[in-house]
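Residue-level structural notes
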Amino acid sequence: MDEMRPITLTAALCVVGAAFGEQPPIPLPILGSEAWRMLDQIGLHEEQNEEGYWQVIKTFPDPLLEAAAKPFTITGYIIPVTAEPVQRTVLLVRNTEDCPFCGSAGYAPALEVWLARPMRDVTEFDRVTLTGSLQLVEDPGTLQTAVLTAARVEE
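The following refers to the structure shown. (Residues numbered from 1 in each chain as written. Predicted model: local features only at pLDDT ≥ 70, side-chain atom pairs only at ≥ 80, totals over all residues. Heavy atoms only, no water.)

Each helix and strand counted, the protein has 3 helices and 7 strands in total. Across the protein, helices and strands are ordered from the amino to the carboxyl terminus as α-α-β-β-α-β-β-β-β-β. Sorting the 155 residues of the protein into buried and exposed places 33% on the buried side. With an accessible surface of roughly 10,200 Å², the protein has 56% of that area assigned to carbon and sulfur atoms. (Helix = DSSP H or I, 4+ residues; strand = E, 2+ residues; numbered from the N terminus. Buried < 20%, exposed > 50% of the residue type's maximum accessible area, 1.4 Å probe, protein only. Areas by Shrake-Rupley, 256 points an atom, 1.4 Å probe, with all protein chains shown as cover.)

Put into structure tokens, the structure is as follows:
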């Protein structure tokens with residue numbers, strides 16, 4: 001439902017603008033790519049199991065299951081995991097303000113990425129497009145839902 005609000009607001013602005021003889025505004029971009037929208041649709045439900053431990057029940061939408069069966073391409077901003085000149089594992093976020101290490105109060109999806117070839121001199125928040133194999137994480141002991149493995153930077 002939240003995804004529809006920018007579209008509804010844009011439509012309302014177009015109608016108001018048209019009523020006053022103005023040109024309709026340029027539509028607001030929908031944040032994220034199709035890949036991010038699919039990742040957003042993963043369902044997470046926490047519950048206590050019979051032994052009294054908390055677990056996370058995950059549901060993966062069919063389009064994501066289909067996408068995970070072939071090369072998966074996603075664009076986002078890199079967050080290095082270690083303070084080293086060569087990175088083998090990074091996090092990818094949709095927007096720079098989604099950095100899980102930057103002290104923001106909210107939660108936003110971050111995709112762990114295992115690179116096929118190490119990257120040198122990675123700068124935080126470099127925008128990249130990566131293609132790799134999407135591995136869905138079904139482990140009920142973690143909120144992590146996916147990892148992009150054997151990822152390569154698209155030129």
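Glancing now at the pairing of strand β7 (residues 146-153). Note that strand β5 (residues 110-120) and β7 share 3 bridges and pair parallel. Among the inter-strand pairings, V113 is bridged to a residue of β7, identified as L148. Of the pairings in the sheet, the one linking strand β6 (residues 127-136) to β7 comprises 6 bridges and is antiparallel in character. Bridge assignment links L136 to a residue of β7, and that residue is A146. (Pairing = 2+ DSSP bridges.)

Before going further, it helps to spend a moment on the sheet that holds β5. With mixed pairing, the 5 strands of this closed barrel are ordered in space as β3-β4-β5-β7-β6. Neighbour-to-neighbour, the strand axes of this sheet turn through a mean angle of 50°, independent of strand direction. Note that strand β3 (residues 72-80) and β6 share 6 bridges and pair antiparallel. Residue F72 lies in a different strand from β6, and its bridge partner there is G132. (Axes fitted to C-alpha atoms, helices over the stretch in contact; angles between N-to-C directions.)

Moving on, we get to the environment of A83. Its location among the elements puts A83 in the loop between β3 and β4 (86-93). A relative accessible area of 87% places A83 in the exposed class. In this structure, the C-alpha to C-alpha distance between A83 and V122, residues 39 residues apart in sequence, is 9.8 Å.

We now examine the pattern of salt bridges. Using the criterion set out here, one finds 2 salt bridges in the structure. In this structure, R37 engages E34 in a salt bridge whose closest nitrogen and oxygen atoms are separated by 3.2 Å. Here R37 pairs with E34, and both are found in helix α2 (residues 34-40), just 3 residues apart, close to one helical turn. E34 sits in the partly exposed class, given a relative accessible area of 46%. Between D40 and R94 there is a salt bridge; the shortest N-O distance is 2.7 Å. In this pair, D40 sits in helix α2 while R94 sits in the loop between β4 and β5, placing the two residues 54 residues apart along the sequence. (Salt bridge = Lys/Arg side-chain N within 4 Å of Asp/Glu carboxyl O.)

Further remarks concern unusual backbone geometry. Backbone geometry places D121, a non-glycine residue, at a positive phi of 50°. Mapped onto the fold, D121 is located in the loop between β5 and β6. Looking at D121, the relative accessible area reads 60%, which means it is exposed.

The next point concerns the environment of N95. Mapped onto the elements of the fold, N95 is located in the loop between β4 and β5. C-alpha separation for the pair N95 and R127, spaced 32 residues apart in sequence, amounts to 9.4 Å.

All right, on to the side chain of T149 then. Here T149 lies in strand β7. Residue class for T149 comes out buried when judged on its relative accessible area of 12%.

Our next topic: the pairing of β5. Bridge count for β4 against β5 is 7 bridges, and the pairing is antiparallel. Of the residues in β5, the one forming a bridge with L92 is L111.

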